[in-house]
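Single-letter residue listing:
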Amino acid sequence: MSYPFSGPMELPAPSVAQHHIALSSPTNFSGQMVVGDGPGRVVLTNSHLELDWSMVLIARSDTANIFEQVEFNWLDGDGNVHPHYFDFVIKQTDGLLIAYAVRPTGRSHGTFNKVMPVIAKQALASRVYADVRHLSEDDLDPIDLSNAWLLHGMRTPDPEADMLAAAVLTQMSGVETLGTLSDRVQQGAWGFRALIRLIRSHHLRLVRFERIDMATEVYKAENVQ
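Read on for an overview of the structure.

**Overview of the environment of S126**
Here is step 1 of the chain: The topology assignment puts S126 in the loop between α2 (111-125) and β6 (131-135).
Here is step 2 of the chain: Among the polar contacts made by the side chain of S126, one reaches the main-chain carbonyl oxygen of A123 at a distance of 2.5 Å.

**A word on the side chain of E68**
Here is step 1 of the chain: With respect to the secondary-structure elements, E68 resides in strand β3 (residues 63-75).
Here is step 2 of the chain: Here E68 falls in the buried class, since its relative accessible area comes to 0%.
Here is step 3 of the chain: A polar atom in the side chain of E68 sits 2.5 Å from the side chain of S15.
Here is step 4 of the chain: Engagement of the side chain of E68 in a polar contact is seen with the backbone nitrogen of L44, the distance being 2.9 Å.
Here is step 5 of the chain: Sequence-distant contacts of E68, defined by excluding residues within four places in its chain, comprise S15, V16, A17, Q18, R41, V42, V43, L44, F86, D87 and F88.

**Digging into the side chain of S54**
Here is step 1 of the chain: Here S54 shows up in helix α1 (residues 48-59).
Here is step 2 of the chain: What makes S54 buried here is its relative accessible area of 0%.
Here is step 3 of the chain: A polar side-chain atom of S54 sits 2.6 Å from the main-chain carbonyl oxygen of L51.
Here is step 4 of the chain: In this structure S54 touches M33, T45, I66 and F88, once residues within four positions along its chain are discounted.

Conventions we followed
Residues numbered from 1 in each chain as written. Predicted model: local features only at pLDDT ≥ 70, side-chain atom pairs only at ≥ 80, totals over all residues. Heavy atoms only, no water. Helix = DSSP H or I, 4+ residues; strand = E, 2+ residues; numbered from the N terminus. Polar contact = N/O pair within 3.5 Å; in protein donor to acceptor, adjacent residues only side chain to side chain. Buried < 20%, exposed > 50% of the residue type's maximum accessible area, 1.4 Å probe, protein only. Contact = heavy atoms within 4.5 Å.

Pasting the structure below:
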């Protein structure tokens, strides 16, 4: 088995956020992560809720790309222009753009409740966005979140294990457990990680919605030879 600890390192592309996020704050969580394959790109988050939701959004099979702090200019009742920054904009695999406002339930009132519907209406009228959605902690499914973090944590490739897992996938038919497939890969934990990457790339699909573990049943996606 191998792991890319040696050789030249290619740094991720910088964040494309259009609004400044402080790298440190005495009162607020802020952070950054790297998304995408290969070197990837830095995505900034302004709360732990944003971080969790970014993981879940990225893991969805219809997500092609994610952008954070995307500016949208809206008009108030007096015709004055104001910038609003969507916490995330997802480009879906069908090309549609979905804008997201991430806000805890306890802070989803007052000005937010008054202004956000106006912003959403204008964003939809612009025909740039197919939908505008509000996400809170109440919308987070713990299974979705657990699986999303697992998929993100296993994203770094291992050439040898990935090659062996791809060979096992080619020969696969019907429904199998990840434990059975891992035994066929014959790389121990590294083989299991490689199978998780096949789920992440949507080459393997879950039979049912559940936390991913060795007993999870999977099948090969229809477009995989």
